[in-house]
Structures are given as C-alpha cells and as structure tokens.
Amino acid sequence: DTLSFTLTQPLSAVTNAQIVWEATWLRGFLSNPYRTVTVVLPDGRPSVAEENHPAERYRHVGALRLAHRLTSSTTVQLHLRAYADNWRIGAIDPWLIVFQDLGADVLLRLRYRYYAQSASYFCGSPAHLAGQYRTADPKMCAFDSHLAGASLRIRLWPLHAFGALRWLSEGAIDVGYDLLV
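Residues numbered from 1 in each chain as written. Predicted model: local features only at pLDDT ≥ 70, side-chain atom pairs only at ≥ 80, totals over all residues. Heavy atoms only, no water.

Enquirer: Would you mind showing me how to read the overall build of the chain here?
Expert: A count of helical and extended segments in the chain gives zero helices and 11 strands. The secondary structure elements of the chain, listed N-terminal to C-terminal, are β-β-β-β-β-β-β-β-β-β-β. Relative to a compact globule of 181 residues, whose C-alpha radius of gyration would be 16 Å, the chain shows 23 Å and is clearly more extended. Counting only C-alpha atoms, the chain reaches 75 × 40 × 30 Å along its principal axes. Across the 181 residues in the chain, those meeting the buried criterion constitute 25%. Counting only contacts in the chain whose residues sit at least 6 apart along the sequence, the fraction spanning at least 24 positions is 54%. When the accessible area of the chain is evaluated, it comes to approximately 11,300 Å², of which 62% is carbon and sulfur surface. Computed over 17 positive and 15 negative side-chain charges, the inter-centroid distance for the chain is 2 Å. (Helix = DSSP H or I, 4+ residues; strand = E, 2+ residues; numbered from the N terminus. Rg over C-alpha atoms; globule rule 2.2 N^0.38 Å. Buried < 20%, exposed > 50% of the residue type's maximum accessible area, 1.4 Å probe, protein only. Contact = heavy atoms within 4.5 Å. Areas by Shrake-Rupley, 256 points an atom, 1.4 Å probe, with all protein chains shown as cover. Lys, Arg positive; Asp, Glu negative; His and termini not counted. Charge placed at Lys NZ, Arg CZ, Asp CG, Glu CD.)

Enquirer: Any chance you could explain the pairing of strand E7 (residues 90-101) here in plain terms?
Expert: Consecutive residues of a regular strand have side chains that alternate between opposite faces of the sheet. In this structure, strand E6 (residues 74-85) lies alongside E7, joined through 11 bridges in antiparallel fashion. The partner of Arg-81 across the bridge, within E7, is Asp-93. Here E6 folds back onto E7, and the loop between the two strands holds four residues, one of which, Arg-88, carries a positive phi near 70 degrees. Hairpin connection of E7 to strand E8 (residues 106-117): four residues between the antiparallel strands, including Gly-103 at a positive phi of 115 degrees. (Pairing = 2+ DSSP bridges.)

Enquirer: Explain the environment of Leu-78 here, please?
Expert: Here Leu-78 lies in strand E6. C-alpha of Leu-78 to C-alpha of Asn-32: the two residues are 46 residues apart in sequence and 35 Å apart in space. Discounting chain neighbours no more than four positions away, the residues touching Leu-78 are Leu-64, Arg-65, Leu-66, Trp-95 and Leu-96.

Enquirer: Could you clarify how one ought to interpret the pattern of salt bridges in this entry?
Expert: Two side chains that carry opposite charge are able to pair once their charged atoms sit near each other. Applying the stated criterion across every chain, the model contains 10 salt bridges. For Arg-113, the salt bridge identified is with Asp-93, shortest N-O distance 2.8 Å. In this pair, Arg-113 is assigned in strand E8 and Asp-93 in strand E7, connecting sequence segments 20 residues apart. The residues Arg-113 and Asp-93 share a single accessibility class, namely buried. Here Asp-178 ties to Arg-111 by a salt bridge, and the two come within 2.7 Å at their closest N and O atoms. (Salt bridge = Lys/Arg side-chain N within 4 Å of Asp/Glu carboxyl O.)

Here is the structure:
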C-alpha cells in the first residue's frame with residue numbers, strides 16, 4: 001500500500017518548487033531466497049542460511065525539487081530526497097542537474113548526485129544466532145556513492161523533410177555517460 005502527496009508550486013515565471021511525501025507499507029516475504037548468509041550457530045560453528053528479512057516494512061520518502069531557468073537556454077534543478085524506514089535505514093540523496101540548450105536540436109544535461117545510507121538493524125557479517133533476521137544484501141548495509149554524468153539529446157525533427165525518414169522525426173537520440181563510484 002502506498003500513500004503519496006505531491007505539491008508543485010510556481011514561485012515565479014522562471015522558478016518552480018515541488019514537495020513530495022510518500023509512505024509505503026510492505027507485507028509478506030521481503031527476502032531474497034537465493035542469497036545466503038553466513039551465520040554463527042549457538043555453539044559457535046559457522047553455517048550457511050538463507051537471507052531472512054522482517055515480513056513488514058514501513059517506509060517514508062520526502063523530497064524537494066527546485067527548478068530555475070537562469071537564461072533562455074539554461075535551467076538548473078536542485079533535488080533533495082530523504083528516506084527512512086522501520087528497518088532503521090535512513091538515506092539522504094541531493095542532486096544538482098543543469099540543462100543547457102546547444103541550439104534548436106541539441107540539449108546537454110550535466111548531473112551530480114550524492115547518496116548516503118545507514119545500515120538496517122540486521123545488517124552484519126556474520127549474522128549471529130540462526131533464526132534471527134539476517135542479510136547479505138549490500139543495499140541493506142551502510143554505504144555512500146557519487147554519480148556524475150553528462151548526456152546529449154539530439155532531436156530528429158529535421159528529418160520530417162525527408163520522406164522515407166519522416167517517421168523518425170518525432171524521436172530523439174540520447175547519448176550519455178554516467179560514472180557511479
């Protein structure tokens with residue numbers, strides 16, 4: 001079940017703001033049956049067991065977006081997303097995106113994103129006591145990452161003048177590169 005709320009508000013002729021809040025309730029089998037975890041049995045021996053996550057997860061996401069047109073050909077967007085759930089995972093995710101028109105048919109997009117996350121309360125290796133919640137999923141543990149990227153969108157509308165290629169004129173070619181570290 002998901003409940004969402006979005007409010008978009010023009011702040012001026014060149015600036016928009018958006019606020020998003022979302023709550024999600026997940027119930028049922030939420031583990032990966034193909035992922036195994038090393039566990040320490042009560043007698044101290046290591047063993048291998050299936051991943052075992054809690055059967056319920058409640059999560060909240062809040063996000064803010066601010067878009068501002070600097071010039072007739074340049075737009076900047078700032079995004080900030082925050083996440084929290086009852087598995088004690090918390091995350092923060094700020095973005096900066098710049099769109100630059102390079103003429104009537106070419107759009108350049110530059111972006112940078114940082115992501116930082118805390119660990120779930122059952123993340124750890126090796127998990128102690130068979131039967132408790134355990135995971136080998138790196139997405140359940142603390143980590144951070146950086147993403148930087150650039151892309152070009154080339155609009156194909158000039159092809160409408162060429163009969164055999166007219167069907168392509170509503171499309172675009174996107175070429176991009178993203179580096180995630």
